[in-house]
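Observations on the model geometry
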Amino acid sequence: AGMEGSGHASRAVADWRLAVWTLCSVLLPVLITAWCSFQRSRRQLLIRDIFRKSKHDWHYTDLFGQPSYCCVCAQHILRGAFCRCCGLRVSERCLKKADQRFLCKEIMMRGTGRGPSSMPHHWIRGNVPLCSCCMVCKQQCGTQPKLCDYRCVWCQYTVHDECMVDCLRTEDCTFGEFKDLIIPPYYLSTINQMRKEKRTNYEKVVPYCRKHWMPVIVLANTRSGNNMGETLLGEFKMLLNPVQVFDLSKIAPAKALQLCTLLPCNAVRVLVCGGDGTVGWVLDAIDEMKIKGQERYIPQVAILPLGTGNDLSNTLGWGAGYAGEVPVEQILRNVMEADGIKLDRWKVQVTNKGYYNLRKPKVFTMNNYFSIGPDALMALNFHAHREKTPSLFSSRIINKAVYFFYGTKDCLVQECKDLNKKVELELDGERIELPNLEGIIVLNIGYWGGGCRLWEGMGDEPYPLARHDDGLLEVVGVHGSFHCAQIQVKLANPVRLGQAHTVRLILKSSKMPMQVDGEPWAQGPCTVTVTHKTHALMLYHSGEQTDDDDASSLSE
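Residues numbered from 1 in each chain as written. Predicted model: local features only at pLDDT ≥ 70, side-chain atom pairs only at ≥ 80, totals over all residues. Heavy atoms only, no water.

The line we're drawing: UniProt positions are given in the numbering used here, feature names are shortened, and annotations may be inferred rather than shown by experiment.
Per an unreviewed UniProt entry, the recorded name for the protein chain is Diacylglycerol kinase, and the organism is Chaetorhynchus papuensis. Looking at the protein chain in UniProt, the text filed under Sequence similarities (unreviewed entry) is "Belongs to the eukaryotic diacylglycerol kinase family."

Next up, the structure:
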């Protein structure tokens, strides 16, 4: 009996030990995971707190795009934080030290004892750009696998450790290749002081008085097309004064453009990074400047196409879409070399029928085109689905694939057939007899539908080329979505209805899809009137034309 009791006791102990070990083997990984998760969350909170309070524009990355070394401990790092203004790179554990130890680019200069027209270099050690050359010995910098060599955050010049001498540390910075585009910190300090003293004679301030100074303002829409805006913001802040670079998701263009009033008249250039819709938004803000009496500060506008269609950008020679293939430095060179031209802008007024005309007419501003029919229907379907699931429409390729799907669907359904029986068209007051059509398109620019020269069609007929500055609109008809597709691949011509200074379209019955510059809606019986509104000052770049034979038609 004693032996049996001791056997039961030993089995109970063994079972108890097994239960404890099982419990430990289950709980220990859970506790370790929970502890790591807590520490990670705590670390992320600390990092976010540093980011929020810092004067640096810190951004965290899980993998640097090139070999990188911490600016504090000099260790090789794969991930960590980098400043999108001055280019500092730092490991996570050294972030607080780096934030306290190193100054970022200053948008306004603090007192340095220097004159109001100069400032010293701002040197940052290590992580110099690949293939950069020393300004002293002209040999390549950054070739050693360690934290070495210096770069000035303003002029972008680089210097070897051994070539760095005391005179370089105190030497005046020239602002390098883009000195004609950069707004120097000492200029803003002087202007700020003059405004406090209520003086406005900026003409004597350097570099205001310099002949070739053409400061650029960058307006980037981080939500456009292929989501490259965030990356571009950082790259432009590295090369320019951060005060010149604006994120349109955080600040409206009307507010950003007030910087023009502190700069030379008729000299400022604006680079809009976004789609045609973003460009229209900026041009509307410029029109507001005219209303406020700030016409002498109106800038010229260049485009970096990030949207889906980019027809206006294509017309002005800036290309059909940007995907990072051109360095930001080359983009700034193109802006400097671009020629000024004018762009017609049009007023589109939509007056509903019925309701005793008590409803206020809808008024739009048109830069590209107005249409009724299948292409407006495709845009309407596309926008309806993008509103439901915006995260799916972050790629230019996906966007165009969705457009293709709806175009194919309309070929089978033909929702806009017999349009000629539902509308009346007048060009400069003259009634136009319409053939059998499904769509009518009123063009201001040469390109339509993501890169198609719609007015010229196949180019086999002697029609005058469409221009964007002649005060004339081109009006064409299409037989349907399949006909649009044929025109885009130059297998068919549009139905050319004529050119006019004023277009009037009357929708007599039913509801039809309409669009102005890619913004679609469903419209009931109404009268649409298109009249000239104003001119916009644009910049034309001759190096990115889609069709080579059209380049001459767009120059002044």
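1. Re the overall build of the protein chain
Definition in use: Helix numbers and strand numbers start at the N terminus; a helix is a DSSP run of H or I with at least 4 residues, a strand a run of E with at least 2. Only protein chains enter the accessibility calculation, which uses a 1.4 Å probe; a residue whose area is less than 20% of its type maximum is buried, one above 50% is exposed, and one in between is partly exposed. Contact criterion: two residues are considered in contact whenever any of their non-hydrogen atoms come within 4.5 Å of each other. Per-residue accessibility takes into account occlusion by the displayed protein chains alone, with areas from the Shrake-Rupley method and a 1.4 Å probe.
For the protein chain, the helix and strand inventory stands at 13 helices and 26 strands. Out of the 556 residues belonging to the protein chain, those deemed buried represent 50%. Across the protein chain, contacts joining residues at least 24 apart in sequence account for 69% of those joining residues at least 6 apart. A total of about 27,700 Å² of accessible surface is found on the protein chain, and carbon and sulfur atoms cover 55% of it.

2. Re the UniProt feature "transmembrane region" (unreviewed entry) in the protein chain
Taking the numbering used here, the UniProt-annotated feature "transmembrane region" (unreviewed entry) corresponds to residues 18-38. Annotated as residues 18-38, this span is 100% helix and 0% strand, and its ends, taken at the C-alpha atoms, are 30 Å apart.

3. Quick word on the packing of helix α5 (residues 229-239) against helix α9 (residues 328-337)
Which entries qualify depends on this criterion: Axis definition: a line fitted to C-alpha atoms, limited for helices to the stretch in contact. Angles are taken between N-to-C directions and run from 0 to 180 degrees. An angle below 35 degrees is read as roughly parallel, one above 145 as roughly antiparallel, one from 65 to 115 as roughly perpendicular, and any other as oblique. What makes a crossing left-handed is the near helix being turned counterclockwise from the far one by less than a right angle; a clockwise turn instead makes it right-handed. Under the scheme applied here, ten amino acids are nonpolar (Ala, Val, Leu, Ile, Met, Phe, Trp, Tyr, Cys and Pro), four are charged (Asp, Glu, Lys and Arg), and all others, including Gly, are polar.
Taken N-terminus to C-terminus, the directions of α5 and α9 make an angle of 70°; their axes are 10 Å apart at the nearest point. Viewed along their axes, α5 and α9 adopt a mutual orientation that is roughly perpendicular. In this structure, α5 meets α9 at a crossing whose hand is right-handed. Across the interface between the two elements, Leu232, Glu235, Phe236 and Leu239 of α5 pack against Val328, Glu329, Ile331 and Leu332 of α9. Partitioning the contact of α5 with α9 into residue classes produces 6 nonpolar, no polar and 2 charged.

4. Examining the pairing of strand β4 (residues 80-83)
Here is the rule we go by: Pairing between two strands is assigned when DSSP locates at least 2 bridges connecting them.
Both strand β1 (residues 58-61) and β4 contribute to a ladder of 4 bridges, which runs antiparallel. By the bridge assignment for β4, histidine 59 is matched with phenylalanine 82. By the bridge criterion, 2 bridges tie β4 to strand β5 (residues 89-90) in an arrangement that is antiparallel. The partner of phenylalanine 82 across the bridge, within β5, is arginine 89. Between the end of β4 and the start of β5, which pair antiparallel, lie 5 residues, with glycine 87 showing a positive phi angle near 90°.

5. Notes on the pattern of salt bridges
Threshold: We define a salt bridge as a side-chain nitrogen of Lys or Arg found within 4 Å of a carboxyl oxygen belonging to Asp or Glu.
Tallied over the full model, the rule gives 16 salt bridges. As a salt-bridge pair, arginine 431 and glutamate 424 come within 3.9 Å of each other at their nearest N and O atoms. Of the residues examined, arginine 431 reaches a relative accessible area of 47% and is grouped as partly exposed. Within the structure, one salt-bridge network assembled from shared partners comprises Asp284, Asp287, Lys290, Arg345 and Lys533.

6. As for the sheet that holds strand β6 (residues 123-125)
The strand order across the open sheet built from 3 strands is β6-β7-β8, with neighbouring strands paired in antiparallel fashion. In this open sheet, the two edge strands, each paired with only one partner strand, are β6 and β8 (158-159). Both strand β7 (residues 150-152) and β8 contribute to a ladder of 2 bridges, which runs antiparallel. Bridge pairing links arginine 151 to threonine 158 in β8.

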